[in-house]
Amino acid sequence: MPEELVLRNTLSRSLEPFEALEPGHVRMYTCGPTVYNYVHIGNLRTFLFEDVLRRTLRLFGYRVTQVMNLTDVDDKTIRGAREAGLGLREYTDRFIEAFFEDMDTLRAERAEHYPRATDYIPQMVRLIQRLTEKGHTYRAEGSIYFRISTFPGYGKLSGIRPGSTLAGARIDADEYEKDDARDFVLWKAPKPGEPSWDTDLGPGRPGWHVECSAMSMDLLGETFDIHTGAIDNIFPHHENEIAQSEGATGKPFVRYWLHAEHLIVEGQKMAKSAGNFFTLRDLLERGHDPVTIRYLLISVPYRQKLNFTFDGLHAAGQALERIANTLRRLDNTPPAGGAGDLELETVEGFRKELRNALGDDLNTARALGALHTLLRSVNTALDGGGISEPIRHRLDEALAEADSVLGILPPDAGASQADEEITRLIEERAAARKARDFARADAIRDQLAARGIVLEDTAHGTVWHRRGRS
Ligand code: AMP
Ligand code: ZN
């Protein structure tokens, strides 16, 4: 296949043709939710970008092993559990369950692994020990820090270089600002009211950054293909992951770093801390359809900001309605007897354009545009000489292929609505025959035949099939 997959690598700041380290198999790590609350649609935009990525990799013929971690111990989960008066596990369990529900509602495929940070404490301890053996750490007040001056590559992902005046200064918080490039915490000394693990490092709990390094390398190996997140993850989180992983192994950690732009509301990043957020649940309660939300969230290519508005949601709903109408119409129209008016080149051209669009750094807007163009041709053909049986078959395949990545088409919605109507007409025909109204019964049979529905009266009642389909 000539089409190639090109992805924008944050590390090189350029578009690069994608090649997996192990032929045919992609190993990727996606930073998952911090499970201290319901995820908001900004988080979900990033998770759906990752869903489109894994589906695109499969379209390009790869097997995918995706790991998405669940951050169930960090500053935020600990604070949340304390405020709720619950144990950390009990508190985070609820939000993990809700997270899976939300992802299913949005038709996101499941990753292969969902490690919980609290299940990987021994791996984190081992990683910190390796860093210590190599002279990258120091202890202060019961905590262990990564000394960033020992890792010359520090800043290569984000472009942020630690200021010389800050040398030796350190930071304990899991999240901090760009102008605060300091020695960061790997292992935090126990504090009253915080969970703590007794380990060879002494009592305490992991910092956030070391969690992702330990889980990703444990499940995917010391060098793997793709690591993703949204742009706020670049610094400090991913910069610190590189320092910890490469500092310990001496090998390149990740080959392609991909970062999604933010979903914004009125020019501001949607964030729980800013209080300007909608959860998926908020939108469903207002009566919005999950597939419409998925459509909107994937419709803007991941490297552009997505400005969330209710007008945008409405427009997404209308676009989906147009798609559903055409598919319904297609399902209700029997194949053309002759060559029909939809050309094979139109269908094959669409398949090529789909790959080109997604191969162009996941240009979902272009892929959706191609789908709408195809469906306009379908409508035109249905207005004219129809669509022949073999082309119809190719069309069905092309639509299924597009939906294997986009995940927005009604799963046989057209067909099932049509099926309901067919059943209703068959019942009406049976009633007409019982009443000896054979003219009406025959009229119904003819009406269905015109739509390609063939009836067969058997000892067990009337069964039906679509002409030309088994
Ligand atoms: P968190 O639960 O805060 O760790 O975030 C989970 C993922 O959502 C991370 O990859 C974040 O970078 C991402 N994220 C957070 N806020 C937004 C936003 N407004 N738009 C897109 N992605 C976001
Ligand atoms: Zn992470």
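Residues numbered from 1 in each chain as written. Chains lettered and ligands numbered in written order. Predicted model: local features only at pLDDT ≥ 70, side-chain atom pairs only at ≥ 80, totals over all residues. Heavy atoms only, no water.

(A) Structural detail: the pattern of salt bridges. Counting across every chain of the model gives 38 salt bridges. One salt bridge connects glutamate 141 with arginine 170, and the closest N-O pair in it is separated by 3.3 Å. On the criterion of sequence distance, the pair formed by glutamate 141 in the loop between strand 5 (137–140) and strand 6 (143–146) and arginine 170 in strand 7 (residues 170–171) is long-range, its members being 29 residues apart. What makes glutamate 141 exposed here is its relative accessible area of 70%. (Salt bridge = Lys/Arg side-chain N within 4 Å of Asp/Glu carboxyl O. Helix = DSSP H or I, 4+ residues; strand = E, 2+ residues; numbered from the N terminus. Buried < 20%, exposed > 50% of the residue type's maximum accessible area, 1.4 Å probe, protein only.)

(B) Structural detail: helix 6 (residues 234–249). For helix 6, spanning 16 residues, the distance from its first C-alpha to its last is 21 Å, which sits close to the expected 22 Å at 1.5 Å a residue. Burial analysis of helix 6 places 16 of its 16 residues in the buried class, which makes it a mostly covered element. Positioned one or two residues after helix 6, glycine 250 has a phi angle of 75°, which is positive. (Expected span 1.5 Å × (residues − 1).)

(C) Structural view of the coordination of the zinc ion (ligand 2). Within the protein, the atoms that donate to the zinc ion (ligand 2) are Cys31 (SG), Cys212 (SG) and His237 (NE2), at distances of 2.1 to 2.2 Å. Of note, the zinc ion (ligand 2) draws all its donor residues from one chain, in the sequence arrangement C-x180-C-x24-H. Note that cysteine 31 is positioned in the loop between strand 3 (25–30) and helix 1 (41–59) and cysteine 212 in helix 5 (residues 208–220), a separation of 181 residues in sequence. By the burial criterion, cysteine 31 is buried, and cysteine 212 matches it. (Donors = N, O, S within 2.8 Å, 3.2 Å for Na, K, Ca; no water.)

(D) A look at the sheet that holds strand 14 (residues 268–269). Across the sheet, three strands lie side by side as 14-13-15; this open sheet has mixed pairing. Of all strands in the sheet, those bounded by a partner on one side alone are strand 14 and strand 15 (306–307). Here two bridges tie strand 13 (residues 263–265) to strand 15, and the two strands are oriented parallel to one another. Bridging across to strand 15, isoleucine 264 finds its partner in asparagine 307. (Pairing = 2+ DSSP bridges.)

(E) Looking closely at unusual backbone geometry. In this structure, proline 236 follows phenylalanine 235 across a cis peptide bond, with omega equal to 0°. Here proline 236 lies in helix 6.

(F) Structural detail: the environment of arginine 376. Assignment of secondary structure puts arginine 376 in helix 11 (residues 364–383). Given the relative accessible area of 54%, arginine 376 is considered exposed. Sequence separation between arginine 376 and threonine 326 is 50 residues; the distance between their C-alpha atoms is 8.3 Å.

(G) Structural detail: the pairing of strand 2 (residues 14–17). Judged from the four bridges that link them, strand 1 (residues 6–9) and strand 2 form a sheet pairing that is antiparallel. Looking across to strand 2, one finds that valine 6 is bridged to proline 17. Taking the residues between adjacent antiparallel strands as the criterion, strand 1 and strand 2 are bridged by four residues, where arginine 13 takes a positive phi near 55°.

(H) Main features of the sheet that holds strand 4 (residues 63–68). The four strands are arranged 4-3-11-12 in an open sheet whose pairing can be described as parallel. With one partner strand each, in any of the chains shown, strand 4 and strand 12 (254–260) form the two edges of the open sheet. Each adjacent strand pair in this sheet contributes to an overall mean axis angle of 20°, direction not counted. (Axes fitted to C-alpha atoms, helices over the stretch in contact; angles between N-to-C directions.)

(I) Representation of the domain arrangement of the chain. Each assigned domain of the chain is listed here: domain 1 (6–260), domain 2 (272–406) and domain 3 (416–466). Just the C-alpha atoms count here: the centres of domain 1 and domain 3 sit 60 Å apart. (Domains from an automatic or database assignment.)

(J) A look at the packing of aromatic side chains. The final tally for this structure, using the stated rule, is 16 aromatic pairs. When the centroid spacing of 4.3 Å and the interplanar angle of 10° are considered together, the rings of phenylalanine 49 and tyrosine 302 count as stacked. Linking phenylalanine 49 in helix 1 with tyrosine 302 in the loop between helix 8 (290–299) and strand 15, this pair joins segments that are 253 residues apart in sequence. Residue classification places tyrosine 302 among the buried residues on the basis of a relative accessible area of 4%. Summarising the aromatic geometry, the rings of phenylalanine 146 and phenylalanine 184 are spaced 5.2 Å apart at their centres and angled 10° between planes, so their arrangement reads as stacked. With phenylalanine 146 in strand 6 and phenylalanine 184 in strand 8 (residues 183–188), this residue pair connects regions lying 38 residues apart in the sequence. For the residue pair phenylalanine 146 and phenylalanine 184, the accessibility class agrees, reading buried in each case. Through a chain of ring-to-ring contacts, three or more aromatic side chains come together here, namely Phe47, Phe99, Phe100 and Tyr114. Its end group placed over the ring of tyrosine 145, arginine 170 keeps NZ or CZ at 5.1 Å from the ring centre. (Phe/Tyr/Trp six-rings, centres within 6.5 Å; stacked < 30°, edge-to-face > 60°. Lys NZ or Arg CZ within 6 Å of the ring centre and 35° of its normal.)

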